[in-house]
Amino acid sequence: MRKRFIFCVFLAASACATVESPVSDRSAAVQRYENMSSSMLWAEQQSTTSALDLALIEAELATRGQTQSGSAYLGKRSSSSVGQVRYSRNTASSGSDRNCSDFRSPGAAQKFFLAAGGPASDPNGLDRDGDGFACEWGTSLRATARRARPAPAPVRVTSSRCYTGPRGGTYTLTASGNKNYDGC
């Protein structure tokens, strides 16, 4: 539940623009999620409509070592956007450049990245490809989602029914309705 500020300009026609919440509000959101129980985080992960909140929640769950709860899993709603360039990045390195090796896990790097202004801003150079996922966090999400997704249900083959013809011969019916005398 991020705060948004709406600024309206009244000229000949009124126009309003929505501006993302400042980083200080993000820090409050990070702290709020840190203080939530894991079960509450999983409930929020399934119901939030905010992409930023979803990213913050998943990063917090990952730092706790939690990847799945019942039918919910990390990446269930977010892994499809991994690798899609969504934000332009300045390739010039800033003085506050952090390395992915500075973090104990990709989830911890993602949490730091989001608290520092990501995904729209990347002042520490952790998301150089601009997909909104820092330090291979997207790859981790995809791997978790792949492991957690239920396997497709096997195709059930019904036992073929053997029929007896008028002269005593046996046959089965094919999918197209033809008689198969080699099937019994």
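Look above for the structure.
Residues numbered from 1 in each chain as written. Predicted model: local features only at pLDDT ≥ 70, side-chain atom pairs only at ≥ 80, totals over all residues. Heavy atoms only, no water.

Asks: With reference to specific residues and values, describe the packing of helix α2 (residues 38–47) against helix α3 (residues 51–63).
Replies: Running from N to C, α2 and α3 cross one another at 145 degrees; their axes reach a closest spacing of 10 Å. Considering the relative orientation of α2 and α3, their crossing is left-handed. Between α2 and α3, the contacting residues are S38, L41, W42, E44 and Q45 on the first element and L54, I57, E58, E60 and L61 on the second. For the contact of α2 with α3, the class distribution of residues is 5 nonpolar, 2 polar and 3 charged. (Axes fitted to C-alpha atoms, helices over the stretch in contact; angles between N-to-C directions. Helix = DSSP H or I, 4+ residues; strand = E, 2+ residues; numbered from the N terminus. Left-handed = near helix turned anticlockwise from the far one by under 90°. Contact = heavy atoms within 4.5 Å. Nonpolar A, V, L, I, M, F, W, Y, C, P; charged D, E, K, R; others polar.)

Asks: Residue-level account of the packing of α3 against helix α4 (residues 106–115), with values.
Replies: Packing of α3 against α4 leaves a shortest axis separation of 8 Å and a crossing angle of 145 degrees. Here α3 and α4 pass one another in a crossing that is left-handed. In this structure, α3 uses L52, A55, L56, A59, E60, A62 and T63 to contact α4, whose residues at the interface are G107, A108, Q110, K111 and L114. When its residues are assigned to classes, the contact of α3 with α4 shows 7 nonpolar, 3 polar and 2 charged.

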